[in-house]
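Working through the structure, step by step
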Amino acid sequence: MSATTISAAPSRTAKPKLHLLIIWAALLTAPAWMGYIGGYDALASRILVFGLAAMGLNLLLGFTGVMSFGHAAYFGLGAYGAGFVLRYWVHSTPLAILCGILLGTVAGVVFGALMMRRTGMYFAMLTIAFGQICYYVAYSWNSVTGGYDGLRGFQRAPLDLGFTVLNIRDNGVLFYYFVLAIFAVCTALMGLLLRSPLGRTMIAIRENPRRARFLGINVERHILISFAISTFFTSVAGALYALLNNFADPTSLYYVISGNIVIMAVMGGMLNFWGPLLGAAIFVTLQDYISSMTVNWMSWIGIIFVAIVLFFPSGVLGFLRRRSASK
Amino acid sequence: MSMLEVRGVTKKFGSLVAVNDVTLTVEPGELRAIIGPNGAGKTTFFNLITGFFPPTAGRMFLEGRDITNVTATDRVAMGMARTFQITEIFPELTIRENIRIAAESAMGLRMKAWMSGSDTARVNDRIDEMLVATRLTAQADRLVGELSHGDQRSAEIAMALALRPRILLLDEPTAGMGEQETFQVAGLIRRLHRHANYTIVLIEHDMRVVFNLADRIMVLTEGTLLAEGTPQQIADNAAVQAAYLGAAA
């Protein structure tokens, strides 16, 4: 099989199941071993958050074949939406997440509908432009967003389950598992989506938009749906990001974050369902290590990214998969 | 009522007149062949019929309904299915998955993020039916990209059939094929026409295929309609012989 093997197609081997086992075992035990490799709980949570953002983007990028360089907008709006609730309204973590998702996804649907009038390069440019609009609004609207300093002065609230209270505010490990639970639900939804007619339509558009059109598939409409779904998952990640940091700042909307999310998806392997998670793990970990050594961490990431794209064009996971398939 | 009616269609690309005032009427159950030398505007004519791009002038009707301004996607919903000169499939998927995408589309399941058991069963039934019709059952779970050219063509036709079209448009279905594969695909088209009673319009270079299969033939040269009639009439037509068959000999 070539590099563009589709992980969403029904598997004919047991191998993908082994993948799943490794991934979930690693994620479930992360707090236990993160410390030994120089990590910490918040780093593990950050990997999950960016992994989710990149997997969300990848529904559009890898599975529908449409570029977006503006997904930071929905990530950042998710963060601000959650922050607004905690800062101005009620002390409720679930409500904060819901409002973050709502803000990010509504923006995704509205902007998406406007951008859908253009295709290809123009579409990609528009995704950046809409992202930057969000950035400048957050940057300038001092009284509401806190401007350059970001939205501060809020904390995620402990989770009241009725019979017990999970103190995710002060317990980093507990918060990690909270993020992991949401991550699990989201990836399950994405997996189901890709196995549904809607998911197959997205793959059909990626594989051959002309054929798709002549099978009676309204390509533009389905790209919009894919875009909206992808902004939904990215805004979930954004809301979790605000909870993780206990603040939301304009850089979370900045186009650099959009680029980082794309880099994560490409590095890990955008034709693989789990590729973006691996990419996020590599990116976030490298960022953490290298930025403690040098302020020029971005150039190192850049070099590593170029090396990965040159030597493993289908991403790290794509490379590993092909190697295990050819054995 | 005619299945397809094309009235005085013209397509200009800048100063080039690719199709010039062509009229065509296809009756239900008819197999119509379009022939002509390279550059005669056959594929452009096809693209006009299927809505790939709009005509500069003229009108088109599918079962009496004006489709001139209907999008390609909506024409599919109205019962028009096509294949391409260069096979257009999803090469990284299996034949079964290729047909599944077409079948789900035709059954209006496109938007669904989940499916009921009965929907799944209906889709699977239609896939199996198409596999049998095109004799691809044995290869159903192979990636389309790995198949022979002839089987890829059959797979593309199976996808078109899964749409349950009222009219099937095939652009050079035997292009680039050897004897064996041409025979295979021509046999499939014959079965679809004779046994399943499909209305078919096809562009074809292979004259044996055309004169064996077609009920009626239209000849295009340089974008204009040169002649139109039964295979016998076309074979006897002096203008056709001079302009087309003569030139080819």
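A count of helical and extended segments in chain A gives 14 helices and two strands. Here the C-alpha radius of gyration of chain A, 19 Å, is about what a compact globule of 327 residues would show, namely 20 Å. Split into buried and exposed, the 327 residues of chain A put 50% on the buried side. For chain A, long-range pairs separated by at least 24 residues make up 73% of all intrachain contacts whose partners lie at least 6 apart in sequence.

Moving on, we come to the overall build of chain B. Of regular secondary structure, chain B possesses nine helices and 10 strands. The C-alpha radius of gyration computed for chain B amounts to 18 Å, which stays within 12% of the reference 18 Å derived for 249 residues, consistent with globular compactness. With the principal axes as the frame, chain B shows a C-alpha extent of 60 × 40 × 35 Å. Put simply, of all contacts in chain B between residues at least 6 apart along the chain, 66% involve residues at least 24 apart.

Okay, the interface of chain A and chain B next. Facing the 22 residues of chain A at the interface are 27 residues of chain B. Every element with two or more residues in the side of chain A that touches chain B is listed here: α7 (172–194), α8 (197–207) and α9 (209–213) of chain A. Per element, the largest residue contribution to the side of chain A that touches chain B is six residues, and it comes from α8(A). Considered class by class, the residues forming the side of chain A that touches chain B number 10 nonpolar, seven polar and five charged.

Our focus in this paragraph is helix α2 (residues 41–61) of chain A. With 21 residues, α2(A) extends 29 Å from end C-alpha to end C-alpha; this agrees with the ideal 30 Å at 1.5 Å per step. In terms of burial, α2(A) is largely enclosed, as 18 of its 21 residues are buried.

A separate point is the sheet that holds strand β4 (residues 57–62) of chain B. Residue and element names in this part refer to chain B. Here four strands make up an open sheet; going across it, the order is β2-β1-β4-β5 and the pairing antiparallel. What marks the edges here is a single partner per strand, and that holds for β2 (16–26) and β5 (65–66). When β4 meets β5, the two strands line up antiparallel, connected through two bridges. By the bridge assignment, Phe61 is partnered in β5 with Asp66. In the packing of helix α1 (residues 42–50) onto the sheet, the strands contacted are β1 (4–13), β2 and β4, and the crossing angle to β2 comes to about 60°.

Moving on: the environment of A:Leu286. You can see A:Leu286 is positioned in helix α12 (residues 275–293). Taking the C-alpha atoms as reference points, A:Leu286 and A:Ile304, separated by 18 residues in sequence, lie 9.6 Å from one another.

This brings us to the pairing of β1(B). Residues and elements named next belong to chain B. With seven bridges joining them, β1 and β2 adopt antiparallel strand pairing. Residue pairing across strands places Glu5 opposite Thr25, the latter belonging to β2. Between β1 and β2, which pair antiparallel and follow one another directly, the connecting turn spans two residues, one of which, Gly14, has a positive phi of 65°. Here β1 runs beside β4; their pairing, made up of five bridges, is antiparallel. Opposite Glu5, over in β4, you have Phe61 as the bridge partner.

Glancing now at the confidence of the model for chain A. In the predicted model, chain A carries a mean pLDDT of 88, and the fraction of residues at 70 or more is 94%. Low pLDDT (under 50) marks residues 1–14 of chain A, which in the prediction has 24 contacts with non-local residues, meaning those over four places away or in another chain.

Another point: the pairing of strand β9 (residues 216–221) of chain B. All names here are of chain B. Alignment of strand β3 (residues 31–35) against β9, held across four bridges, turns out to be parallel. Residue pairing across strands places Ile35 opposite Val219, the latter belonging to β9. Relative to strand β10 (residues 224–229), β9 runs antiparallel, the two being bridged by five bridges. If you follow Leu220 over to β10, its bridge partner there is Leu225.

Attention shifts here to helix α3 (residues 95–106) of chain B. For an α-helix, the turn length of 3.6 residues means that residues three or four places apart are oriented alike. An ideal rise of 1.5 Å per residue puts 16 Å on 12 residues; α3(B) measures up with 17 Å between its terminal C-alpha atoms. Most of α3(B) is tucked away, with 12 of its 12 residues classed as buried. Buried residues in α3(B) make contact with α8 of chain A together with α4 (117–133) and α5 (149–162) of chain B. Just downstream of α3(B) lies B:Gly108, where phi reads positive at about 70°.

What follows deals with the sheet that holds strand β7 (residues 167–171) of chain B. Residues and elements named next belong to chain B. Taken in spatial order, the six strands make up an open sheet running β6-β7-β8-β3-β9-β10, and their pairing is mixed. Edge positions in the sheet fall to β6 (80–83) and β10, since each has one partner strand and no second. Across the sheet, the mean angle separating the axes of adjacent strands is 15° when strand polarity is ignored. Seen against the sheet, α1 touches β3, β6, β7, β8 (199–203) and β9 and runs at an angle of roughly 150° to β7.

The next point concerns the packing of helix α4 (residues 93–115) of chain A against helix α10 (residues 219–245) of chain A. Residue and element names in this part refer to chain A. Interaxial distance between α4 and α10 falls to 8 Å at its minimum, and their mutual angle equals 145°. By crossing handedness, the relation of α4 to α10 is classed as right-handed. On α10, the residues that touch Thr93, Ala96, Ile97, Gly100, Ile101, Gly104, Thr105, Gly108, Val109, Gly112 and Ala113 of α4 are Leu224, Phe227, Ala228, Thr231, Phe232, Thr234, Ser235, Val236, Gly238, Ala239, Ala242 and Leu243. The residue inventory of the contact of α4 with α10, partitioned by class, reads 13 nonpolar, 10 polar and no charged.

This paragraph deals with the environment of A:Ile182. Residue and element names in this part refer to chain A. Along the polypeptide, Ile182 turns up in helix α7. Using a count of 19 C-beta atoms within 10 Å as the deciding quantity, one classes Ile182 as partly exposed. Along the backbone, Ile182 and Trp89 are 93 residues apart, and their C-alpha atoms lie at a distance of 23 Å. Each residue touching Ile182, except ones within four places of it in the same chain, is listed here: Val236 and Leu240.

For residues besides glycine, phi is generally negative; the peptide bonds are generally trans as well. Residue and element names in this part refer to chain B. Notably, Glu63 is not glycine yet its phi reads approximately 50°, a positive angle. Inspection of the secondary structure puts Glu63 in the loop between β4 and β5. You can call Glu63 partly exposed: it has 16 C-beta atoms within 10 Å. Positioned with a positive phi, Asn197 is a non-glycine residue whose angle comes to about 60°. Positionally, Asn197 belongs in the loop between α6 (179–194) and β8.

Analysis parameters
- Residues numbered from 1 in each chain as written.
- Chains lettered and ligands numbered in written order.
- Predicted model: local features only at pLDDT ≥ 70, side-chain atom pairs only at ≥ 80, totals over all residues.
- Helix = DSSP H or I, 4+ residues; strand = E, 2+ residues; numbered from the N terminus.
- Rg over C-alpha atoms; globule rule 2.2 N^0.38 Å.
- Buried ≥ 20, exposed ≤ 12 C-beta atoms within 10 Å, placed from the backbone.
- Contact = placed C-beta atoms within 7 Å.
- Nonpolar A, V, L, I, M, F, W, Y, C, P; charged D, E, K, R; others polar.
- Expected span 1.5 Å × (residues − 1).
- Pairing = 2+ DSSP bridges.
- Axes fitted to C-alpha atoms, helices over the stretch in contact; angles between N-to-C directions.
- pLDDT = per-residue confidence, 0-100.
- Left-handed = near helix turned anticlockwise from the far one by under 90°.

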